[in-house]
Amino acid sequence: MFALVFLFFFLNIPLLVSRFTQPRCFWRMYENKDKDEDLVTGCIFFLLMEQQPVEKDYLNHILNIQTTKNIQFALALAFSMDEVNRNLDLLPNSSFIIQCPDGDCINGTKFYSHLQFSEELHDIPNYICYDQTMCIVVLTGPNLATSVVLGTILNLLMPQQILQITYGPFHPILSNREQFPSLYQMAAQDTSLALAMISLMFYFNWNWIGLAVSDNDQGTQFLTRLRGEMEKLTVCFAFVSMIPVKMDIFLTRAEVYYNQIVTSSTNVVIIYGDPDSTLAVGFRRWESLGLQRIWVTTSQWDGTTTKNDFPLNSFNGKITFAHHHAEISSFKTFVQTLNPLKYTDEFLARLEWMNLKCNVSASTCKTLKNCLSNASLQWLKAQTFDMAFSDESYDIYNAVYAVAHAFHEMLLQHVYNHPMDNSKGHYAYCLKLHSFLRKIRLTNSVGDRLIMNQKEKLQEEYGIFQIWNLPYGLGLKVKIGEFSSYFPYGQQLHIYEDMIEHATGSRQMLPSVCSADCLPGFRKFSQEGMAACCFGCSPCPQNEVSNETTVVLGIFVKNHDTPIVKANNQNLSYILLISLIFCFLCPLLFIGHPNSATCVLQQITFGVVFTLAVSTVLAKTVTVLLAFKVTVPGTRIRYFLISGVPNYIIVICMLIQIILCTIWLHFSPPFIDKDVHSEHGQIIIMCNKGSITAFYCVLGYHGSLAFVSFIVAFLARNLPDTFNEAKLLTFSMLLFCSVWITFLPVYHSTKGKIMVAVEVLSILASSAGLLGCIFIPKCYIILLRPERNSLQRLREKTSSRTQIS
C-alpha cells in the first residue's frame, strides 16, 4: 500500500512542481496594425561548426532581421548557440556559428537564389577547416510552406547532403521519409490535442461548440480525432467550417463563414490550422468585426490578434494549448546585452510574452484585472523578470542542443580526423551525422527530455493559457491548467480555477450548451433530427419523482473546491445529500401492491435513512459549535475536535436506530393486512406496522435527534463565520419538527389509504425542508452570486472585520 501511495506521489511530482515553480502570468504589447504582412512568414537559418572560438559580438550581424515576427526566432537561436558555445563539456575546441544569407531571414521562395551559398562556404570569414566535408544543418519554419519548399529543393538537388530540422508545428506530410529523407521535426505530433481540448470542454460543461479548421490533410486528421473524443463525452458540433487553403476560394465564401459563427448559439469555437493561412485571415476579420467568443486554439495563435479591446473577464478571450516546457531564465538579459538601445522592454514585449509575477496584485489591486485595466508600461516593466519562450523558440533551443550533441559524438569518435576522399567526404559525413542525430536521447539544460527519433517521441503535456486583449495595446496571458498524457484517462486535466479568479475576480465560465438543464420536476426528451446535446423538457409523469437532490449533489461535487462547499465540513454535506436522495426515494416503497418485503422495507428504510440525515445535521452543528468554543490549546474538547470525534455521532446514532429496528423486526414485524372497515364494500390490502409502539419509538427517536440538533444549532447561530450554516440548520430542524408534530394528530384522525398518503406527504415535506433550508441558499450563491463564493471576497471580508475590530 505504501509503495502505491509513493508511486502516485512520484507521478504527481511534475505537475506539483510546475504548479509552484512556473510563472503563470504574462503580458505583451501588440502592434497596432492588421495587415497581411503581420502573418507569420518563414525563416531559414544555417548551422555550421568551426574549430575555433567565437566571440559574442559575432551574433550581432545575424540580428538585422527587419520582420518583427521573425526576429524572435533569430534571438532564440543566438541565445541557444551562445549557451552551447559557453558549455565547456560540449564541442571542445569547436564552436557553432549561424549563417543567414544577406544577413536577413529568408523563406523558401528565396532559397533557390541563395543555393550557391552552400558552394561558397570557403568564403565565410574565419571558416578554416573542413570546408569541403563539413555537413550543413538548416533550420526551417515555423510555417509548413517554407519547410516543404526547402525540403523538396534539397531532396531533388542535394539529397542527404544537408540535414533539415523544422521548428514549426508538427505536420504529417513532413514525416514522409521518401519525400523528406533527411528531415526532423522538433515539435510533438499533437496526437493528444483533441483529447485535451474535449477534456476542457467537458470540465466547463461546454457541450455545444463550433469548429473552424483548415481544409487540408492536417485539418481533416484533427477533425477525425476530435469527433472520436466528442462521442465519448457527448459533446456536439454547432457548426464545422472547413476553411479552404486557397485565398481566392476563401474570399468568395468569407461572408458565409462569418454568418455561420454569428448565427450560431455556441459561445465556444475551436480554431485549428496554421497561423499564416487563410484561416488566420478569417479569424482576424471575425475579431475585428466585434465577434466575442471563447476561442480555443494552439499556442501558434498567441500573437494573432487585433487592436480591439475586450473586457477582462472569463466570458471572452482566447484559450490556447501550448506544449509544456520548462522556463528558460536569463533570455531577456542575454538579448539586451547584445544591443541595449535596440532591445528595450517595449521592443521585446512586441516579440513575445514577458513573465509577470501573478501575486503582485494581492496587496494592491486585489486582482490582475484591476491592476492592468489602468496599467502603465513603467508598472509592468517593474514587475517583469524575464522573457518567455514560445513553442517555436523552444523547438529551436532543443534543435541546437540536439545538433551540438550529434557533432560532439562525431568528434569523440574522431570522424573528422579520418582521412577521406573529399569528393565523397561531404556525403559520408552527412550520413554519419544523420545516424548520430537520429539516436539522440538527452536531457537538455533545463531538465526536459529530448528524443529525436519520431517513433519514440515522449507522451504529450500541454499548458493551458487564457489570453485577453487589454486597453493600450496590452495583452494578458494566465496559465489556468495543464493536461498530461502520463495520467490515467479522466485524470489528465488539471484546471487552476484560483488562477482564473485571481485574474478576473470570478472563476465562472460562460456556458455553451445547446439546451439548458431541465428544472426540478421536468425530464429530458430527445428531439428528432437534432444533436444528442439538444433536448426538450417535459413535466415528470404522475407517480414519478424528479432528481432535484441529485442535481444539488452534482453542483456541490463540481464546485467542491470553492469556499462555500468546503465550509462546515464538506464530507458531512455529501453524506447529508446522499441520505436526502434516499429520503426522497422512500415513498416509492409505498406505491403499488404491498408484499412482505415492501411492508418491512417501508418502515425500516424510513427509520434508518432519516436517522442518517438528522444525525448528520447534528454532527455538523456540533462541529461548528466546538470549533468556536475551543480557545485553549491542549484541552480535551480540542482533542475531540481535531480527532474527528463529531463524525462518530453519526455512527452512534445509526447504531441505536438499527438496534430499535432489530427489536421491532424480532418481536412484531410489519406484515400484510386487510382493511375491511375503512371503505364500505371494499377490502383494502395494506401494510400493518405490527407494533405501533415500535413505530412511535422510531418517530420519537427522530424527534429527539432533531430537537438536540435544533438546540445546538440555535446556540451556534450567531457565531462569526463567512459561511456559518448554523442558522440554516436551525430553520431546517424547526421545520422538520413542525412537520412530524403535525403528522401525529393528522395520522390518528385518518384511516385506510389516507393514512399512507399522510405518511408519504410528511416524508416528502420533511425531506424537502432539509434540502431547501440547508442547500438551496448555497446553490443560489454558487450559481447566481459566484462573486460571493471566492477567496478574494473572503479576504476582503476578513480585512474589513480586522479593521473594524
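Bear in mind the structure is a predicted one, so any value in this text is a computation, not a measurement. (Residues numbered from 1 in each chain as written. Predicted model: local features only at pLDDT ≥ 70, side-chain atom pairs only at ≥ 80, totals over all residues. Heavy atoms only, no water.)

> Before we move on, could you go through the overall build of the protein and cite the residues and values that matter?
The secondary structure content of the protein amounts to 26 helices and 22 strands. Looking at the 805 residues of the protein, the share that counts as buried comes to 52%. Per element, the accessible surface of the protein, about 36,900 Å² overall, is 59% carbon and sulfur. (Helix = DSSP H or I, 4+ residues; strand = E, 2+ residues; numbered from the N terminus. Buried < 20%, exposed > 50% of the residue type's maximum accessible area, 1.4 Å probe, protein only. Areas by Shrake-Rupley, 256 points an atom, 1.4 Å probe, with all protein chains shown as cover.)

> How would you summarise the environment of Lys477 if you had to cite specific residues and measurements?
By the secondary structure assignment, Lys477 is in strand S17 (residues 474-484). Along the backbone, Lys477 and Ile319 are 158 residues apart, and their C-alpha atoms lie at a distance of 9.2 Å.

> Tell me about the sheet that holds strand S2 (residues 43-50), residues and numbers included.
Reading across the sheet, the five strands line up as S3-S2-S4-S5-S6 and stay open at both edges, with mixed pairing between neighbours. With one partner strand each, in any of the chains shown, strand S3 (95-99) and strand S6 (183-185) form the two edges of the open sheet. Shown here is a sheet whose adjacent strand axes are inclined to one another by a mean of 25°, direction ignored. Pairing of strand S4 (residues 136-141) with strand S5 (residues 162-166) involves five bridges; the strand directions are parallel. Among the inter-strand pairings, Val138 is bridged to a residue of S5, identified as Gln164. Along the sheet, helix H4 (residues 144-157) makes contact with S2, S4 and S5, crossing S4 at roughly 150°. The strands touched by helix H13 (residues 391-412) are S2, S3, S4 and S5; relative to S3, the strand with the most contacts, the crossing angle is about 130°. (Pairing = 2+ DSSP bridges. Axes fitted to C-alpha atoms, helices over the stretch in contact; angles between N-to-C directions. Contact = heavy atoms within 4.5 Å.)

> How would you explain the side chain of Ser241 if you had to name every residue and give the values?
Tracing the backbone shows Ser241 in strand S8 (residues 236-243). Judged by its relative accessible area of 2%, Ser241 falls in the buried class. Side-chain polar atoms of Ser241 contact the side chain of Gln260, separated by 2.4 Å. Once residues within four sequence positions are removed from consideration, Ser241 is found in contact with Leu211, Ala212, Val213, Tyr257 and Gln260. (Polar contact = N/O pair within 3.5 Å; in protein donor to acceptor, adjacent residues only side chain to side chain.)

> Mind laying out the pairing of strand S16 (residues 461-469), listing which residues take part and the relevant values?
Burial analysis of S16 places eight of its nine residues in the buried class, which makes it a mostly covered element. Here strand S11 (residues 317-323) pairs with S16 via six bridges, running antiparallel. Along S16, the bridge assignment pairs His323 with Tyr462. Where S16 meets S17, nine bridges bridge the pair, whose relative direction is antiparallel. Bridge pairing in S17 places Glu461 opposite Ser484. Linking S16 to S17, which pair antiparallel, is a turn of four residues; within it Tyr472 sits at a positive phi near 65°.

> Provide a residue-level description of the side chain of Gln657, including the pertinent values.
Looking at where Gln657 falls in the secondary structure, it is placed in helix H21 (residues 648-667). At a separation of 3.4 Å, a polar atom in the side chain of Gln657 contacts the main-chain carbonyl oxygen of Gly607. A polar contact is formed between the side chain of Gln657 and the side chain of His702, at a distance of 3.2 Å. In this structure Gln657 touches Gly607, Val608, Thr611, Val698, Tyr701 and His702, once residues within four positions along its chain are discounted.

> Could you give an account of H4, with specific residues and numbers?
Every α-helical turn comprises 3.6 residues, leaving residues that sit three or four positions apart pointing alike. Helix length check: H4, at 14 residues, gives a terminal C-alpha distance of 20 Å against a target of 20 Å (1.5 Å per residue), a fit within 8%. Where H4 is concerned, the buried positions are Leu144, Thr146, Ser147, Leu150, Gly151, Ile153 and Leu154. (Expected span 1.5 Å × (residues − 1).)

> Describe the state of the cysteines, with residues and values.
By the definition in use, this model includes three disulfides. Paired by a disulfide, Cys236 and Cys533 hold their sulfur atoms 2.1 Å apart. Its S-S torsion of approximately 85° makes the covalent link between Cys236 and Cys533 right-handed. Taken together, the residues span a long stretch of sequence, with Cys236 in strand S8 and Cys533 in the loop between strand S19 (522-526) and strand S20 (535-539) at a distance of 297 residues. For the pair Cys236 and Cys533, one class covers both residues: buried. The disulfide bridge from Cys599 ends at Cys687, spanning 2.0 Å between sulfur atoms. As the torsion about the S-S bond is roughly -80°, the Cys599-Cys687 disulfide counts as left-handed. (Disulfide = S-S within 2.5 Å.)

> Can you break down helix H22 (residues 692-715) residue by residue, with the values?
An ideal rise of 1.5 Å per residue puts 34 Å on 24 residues; H22 measures up with 35 Å between its terminal C-alpha atoms. Burial in H22 covers these residues: Ala694, Phe695, Val698, Leu699, Tyr701, His702, Leu705, Ala706, Ser709, Val712 and Ala713.

> Tell me what's going on with the environment of Phe389, and back it up with residues and numbers.
When you line up the elements, Phe389 lands in the loop between strand S13 (384-387) and H13. Distance in space between the C-alpha atoms of Phe389 and Glu327 is 7.3 Å, their sequence separation being 62 residues. Beyond its immediate stretch of four places on either side in the chain, Phe389 contacts Ala76, Phe79, His325, Ile328, Phe331, Tyr394 and Tyr397.

> Lay out the confidence of the model for the protein with the relevant residues and their values.
The predicted structure's coordinates, where accompanied by low pLDDT, should not be read in detail. Overall, the prediction assigns the protein a mean pLDDT of 77, with 77% of residues at 70 or greater. This model gives residues 116-132 a pLDDT under 50, and the stretch forms 26 contacts once residues within four places in sequence are excluded. The model gives residues 798-805 a pLDDT under 50, and that stretch makes two contacts with residues more than four places away or in other chains. (pLDDT = per-residue confidence, 0-100.)

> Report on the packing of aromatic side chains, specifying residues and quantitative values.
Applying the stated criterion across every chain yields a total of 29 aromatic pairs. Arranged with centres 6.0 Å apart and planes meeting at 20°, the rings of Tyr394 and Tyr397 form a pair that is stacked. Here Tyr394 and its partner Tyr397 are both found in helix H13, three residues apart, which amounts to about one turn of the helix. Residue class for Tyr397 comes out buried when judged on its relative accessible area of 0%. An aromatic cluster is present here, built from Phe606, Phe610, Phe695, Tyr696, Phe736, Trp740, Phe743 and Tyr747 joined pairwise through their rings. When the ring centre of Tyr184 is taken as reference, the NZ or CZ atom of Arg177 above it lies at 5.7 Å. When the ring centre of Tyr258 is taken as origin, the NZ or CZ atom of Arg285, which lies over that ring, is 5.2 Å away. (Phe/Tyr/Trp six-rings, centres within 6.5 Å; stacked < 30°, edge-to-face > 60°. Lys NZ or Arg CZ within 6 Å of the ring centre and 35° of its normal.)

> Pulling in residues and values, what's your account of a nonpolar patch on the surface?
A cluster of nonpolar side chains, Ile578, Phe582, Leu585, Leu588 and Ile591, forms an exposed patch at the surface whose accessible area comes to about 440 Å². Residue placement: Leu585 occurs in helix H18 (residues 570-585). (Patch = residues over 30% accessible without salt bridge, like charges linked within 9 Å, V, L, I, M, F, W, Y side chains within 5 Å. Salt bridge = Lys/Arg side-chain N within 4 Å of Asp/Glu carboxyl O.)

> Can you explain the nonpolar core? Please cite residues and give values.
Trp206, Ile209, Phe321 and Leu437 are the most contacted members of the largest nonpolar core, which totals 109 residues. Here this core takes 13 residues from H13, the largest share from any one element. Ignoring anything within four residues of it in the chain, the contact list for Phe321 reads Leu193, Ala196, Met197, Leu200, Val296, Thr297, Thr298, Ser299, Tyr462, Gly463 and Ile464. (Core = buried A, V, L, I, M, F, W, Y, C linked by side-chain atoms within 4.5 Å.)

> Go over the pattern of salt bridges with me, naming the residues and quoting the values.
The final tally for this structure, using the stated rule, is six salt bridges. Arg285 is the partner of Glu255 in a salt bridge, and the nearest nitrogen-oxygen pair spans 2.9 Å. Here Glu255 is found in helix H7 (residues 247-263), whereas its partner Arg285 is found in helix H8 (residues 278-288), with 30 residues between them in sequence. Its relative accessible area of 42% is what places Glu255 among the partly exposed residues. When its relative accessible area of 28% is taken as the criterion, Arg285 is described as partly exposed.

> Let's hear about the packing of helix H5 (residues 193-203) against helix H6 (residues 217-233): which residues, and what values?
Packed helix pairs are specified by the crossing angle of their axes together with the interaxial distance, meaning the distance between the axes. For the pair H5 and H6, interaxial distance at closest approach is 9 Å and the crossing angle is 40°. Relative to H6, the element H5 lies oblique. With respect to the hand of their crossing, H5 and H6 are arranged in right-handed fashion. On the side of H5, the interface is formed by Leu193, Ala194, Leu195, Met197, Ile198 and Phe202, while H6 contributes Phe222, Arg225, Leu226, Glu229, Met230 and Leu233. Counted by class, the contact of H5 with H6 contains 10 nonpolar, no polar and two charged residues. (Parallel < 35°, antiparallel > 145°, perpendicular 65-115°, else oblique. Left-handed = near helix turned anticlockwise from the far one by under 90°. Nonpolar A, V, L, I, M, F, W, Y, C, P; charged D, E, K, R; others polar.)

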